[in-house]
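# Examination of the molecular architecture
Read off the chains here:
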Amino acid sequence: MSIRLGLARRGDMSAIAAMSRELIERGLPWTWTECQIARCIFDPDSVVLVARDGRLLIGFAAAEFWDDHARINLLAVRPAYQRQGVGRDLLGWIKSSAQIAGALFIHLEVRASNSNARDFYRKQCFIETGFRMGYYAGQEDAVCLACYLKATLDNPEPVHARHGVDSRFTPFLEH
Ligand SMILES: CC(C)(COP(=O)(O)OP(=O)(O)OC[C@H]1O[C@@H](n2cnc3c(N)ncnc32)[C@H](O)[C@@H]1OP(=O)(O)O)[C@@H](O)C(=O)NCCC(=O)NCCS
């Protein structure tokens, strides 16, 4: 297996949108359409990463960066490639970028029923910080998660201090 991580390109939009629908928004109205993915790819305050096995797009992550925090909007790995560290490495890249950008924390919401993702994020040092009833089109509740990157007066012991991209995966830079 030769998996590489890098920035998403224009040609990745339809695969990312289709995988978002199938793996993240199944059963809900489709919000992460090609148009939305394009907005993130070209937004200077957002990053969309992809993982590829050869030419096959096997995973992606999308995040936006604000003054003091980052927000993860999307993260998914093709089922045949799950539990091989791809999600962890995509998230590691985002955490590194957020920390370098000076973010104090990263946050996101996941579907309350998504126990796999909740386990995954807990393993990556995220903590569950809240609950939003009916957040997903009134059909499903959300669990809010956060990972603190830096000590603050309110939060003297950041939950997460160390992370990184697995050296098995070669980063590439194409845009
Ligand atoms: C959540 C998701 C991105 C994880 O990606 P992944 O590449 O399979 O995760 P990793 O292999 O990096 O997992 C790292 C660790 O997280 C935990 N973990 C990951 N998936 C898990 C699962 N299904 N159940 C329990 N723990 C899990 C494990 O501790 C795992 O380490 P291990 O395999 O050595 O035990 C993937 O399951 C996915 O794409 N799910 C569908 C989309 C989704 O729910 N996205 C999240 C909401 S945006």
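In terms of helices and strands, the chain carries four helices and eight strands. When the helices and strands of the chain are listed from N to C terminus, the series reads β-α-α-β-β-β-α-β-α-β-β-β. Considering only residue pairs separated by 6 or more positions, the chain has 58% of its internal contacts joining residues 24 or more positions apart.

The immediate surroundings of the ligand are formed by 20 residues, with Gln82, Gly87, Arg88, Asn116 and Asp119 found nearest. When contributions to the shell around the ligand are tallied by element, the ones reaching two or more residues are α1 (13-24), β4 (69-77), α3 (86-100) and α4 (115-123). Sort the elements by how many residues they give to the shell around the ligand and α4 lands first, with five residues. Residues belonging to the shell around the ligand are distributed by class as follows: ten nonpolar, six polar and four charged.

The end-to-end C-alpha separation of α1 is 15 Å, in line with the 16 Å expected for twelve residues at 1.5 Å each. Taken residue by residue, α1 has Ile16, Ala17, Met19 and Ser20 as its buried positions. The buried residues of α1 occupy an angular sector of 165° when the element is viewed end-on, so they sit on one face. At its buried positions, α1 is contacted by α2 (34-42), β3 (56-65) and β4.

As a further point, take unusual backbone geometry. Unusually for a residue other than glycine, Arg83 sits at a positive phi of about 60°. Despite not being glycine, Cys125 has its phi angle at roughly 70°, a positive value. Looking at the element boundaries, Cys125 is found in the loop between α4 and β6 (127-136). Under the C-beta neighbour-count criterion, Cys125 is labelled partly exposed, with 18 such atoms within 10 Å.

Moving on: the packing of α1 against α2. Close contact between α1 and α2 brings their axes to 9 Å; oriented N to C, the two are set at 120°. On the basis of their axis angle, the class for α1 and α2 is oblique. The handedness of the crossing between α1 and α2 comes out as right-handed. Contact residues: α1 offers Met13, Ser14, Ile16 and Ala17, while α2 offers Glu34, Ile37, Ala38 and Ile41. Classifying every residue of the contact of α1 with α2 gives six nonpolar, one polar and one charged.

How each quantity is defined
- Residues numbered from 1 in each chain as written.
- Predicted model: local features only at pLDDT ≥ 70, side-chain atom pairs only at ≥ 80, totals over all residues.
- Helix = DSSP H or I, 4+ residues; strand = E, 2+ residues; numbered from the N terminus.
- Contact = placed C-beta atoms within 7 Å.
- Near = placed C-beta within 6 Å.
- Nonpolar A, V, L, I, M, F, W, Y, C, P; charged D, E, K, R; others polar.
- Expected span 1.5 Å × (residues − 1).
- Buried ≥ 20, exposed ≤ 12 C-beta atoms within 10 Å, placed from the backbone.
- Arc of directions from axis to C-beta.
- Axes fitted to C-alpha atoms, helices over the stretch in contact; angles between N-to-C directions.
- Parallel < 35°, antiparallel > 145°, perpendicular 65-115°, else oblique.
- Left-handed = near helix turned anticlockwise from the far one by under 90°.

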